[in-house]
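Residue-level structure breakdown
This is what each chain is made of:
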Amino acid sequence: MQKQILIIALDKRSEALRMAAGLTLLDDPVKVALCGEAGADAEEHLDALDFADVPVQQLEPDSDEGMRALAREITTADAVYIV
């Protein structure tokens with residue numbers, strides 16, 4: 001049975017993206033919610049996620065719309081990692 005995995009990249013965004021790229025080795029679908037800008041050091045991880053067809057949704061943490069979108073993603077995920 002597949003589990004929906006959500007990575008929330010909040011404080012250590014580059015590390016969260018690296019973790020998400022590693023989780024693509026599993027058979028479970030992975031999604032990423034990126035709160036804020038990824039930073040220049042995260043380009044390699046973003047490229048790997050793009051290659052693996054992992055959806056990366058960039059959210060503005062201070063906006064109501066961004067928080068509603070994040071809440072929707074959390075409620076549909078089976079496992080949530082906040083990094």
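Residues numbered from 1 in each chain as written. Predicted model: local features only at pLDDT ≥ 70, side-chain atom pairs only at ≥ 80, totals over all residues. Heavy atoms only, no water.

1. Quick look at the overall build of the chain
Summing up its helical and strand segments, the chain has three helices and four strands in all. Each helix and strand of the chain, placed in order from N terminus to C terminus, yields the pattern β-α-β-α-β-α-β. Reported as C-alpha extents along the three principal axes, the dimensions of the chain are approximately 35 × 30 × 20 Å. Classification of the 83 residues of the chain by burial places 35% in the buried group. (Helix = DSSP H or I, 4+ residues; strand = E, 2+ residues; numbered from the N terminus. Buried < 20%, exposed > 50% of the residue type's maximum accessible area, 1.4 Å probe, protein only.)

2. Observations concerning the sheet that holds strand β1 (residues 5-9)
Read across the sheet, four strands follow the order β3-β2-β1-β4 without closing on themselves; strand pairing throughout is parallel. Of all the strands in the sheet, the pair left with one neighbour each is β3 (56-59) and β4 (79-82). On average, adjacent strands in this sheet sit at an angle of 20° to one another, irrespective of strand direction. Bridge count between β1 and strand β2 (residues 30-35): five bridges; the pairing is parallel. Directly across from Ile5, in β2, lies its bridge partner Val30. Sitting on the sheet, helix α3 (residues 64-76) is in contact with β1, β2, β3 and β4, with an inclination near 145° to β3. (Pairing = 2+ DSSP bridges. Axes fitted to C-alpha atoms, helices over the stretch in contact; angles between N-to-C directions. Contact = heavy atoms within 4.5 Å.)

3. Description of the packing of helix α1 (residues 13-23) against helix α2 (residues 43-51)
At a minimum axis separation of 9 Å, α1 and α2 run at an interaxial angle of 30°. As judged from the angle between their axes, α1 and α2 are roughly parallel. Note on packing geometry: the crossing formed by α1 with α2 is left-handed. When α1 is examined against α2, the residues Ser14, Leu17, Arg18, Ala20 and Ala21 are found in contact with a partner set consisting of His45, Leu46, Ala48 and Leu49. Taken together, the residues of the contact of α1 with α2 sort by class into six nonpolar, two polar and one charged. (Parallel < 35°, antiparallel > 145°, perpendicular 65-115°, else oblique. Left-handed = near helix turned anticlockwise from the far one by under 90°. Nonpolar A, V, L, I, M, F, W, Y, C, P; charged D, E, K, R; others polar.)

4. Remarks on the pattern of salt bridges
Side chains that differ in sign of charge can pair as their charged atoms come close. Inspection of every chain in the model, using the stated rule, returns two salt bridges. Among the ionic pairs, Glu15 bridges to Arg18, the shortest N-O distance being 2.5 Å. A residue pair is termed a helical-turn pair when its members lie 3 or 4 positions apart in one helix, as Glu15 and Arg18 do in helix α1 at three residues. According to the relative accessible area criterion, Glu15 is partly exposed, its value standing at 32%. The closest approach of N and O atoms between Glu73 and Lys31, which form a salt bridge, is 3.3 Å. Placement of the pair is Glu73 in helix α3 and Lys31 in strand β2, with a sequence separation of 42 residues. (Salt bridge = Lys/Arg side-chain N within 4 Å of Asp/Glu carboxyl O.)

5. Section: the environment of Glu73
By relative accessible area, which is 18% here, Glu73 ends up buried. In contact with Glu73, not counting residues within four places along its chain, are Leu6, Lys31 and Gln57. Here the side chain of Glu73 touches Lys31 through a polar contact of 3.3 Å, side chain to side chain. (Polar contact = N/O pair within 3.5 Å; in protein donor to acceptor, adjacent residues only side chain to side chain.)

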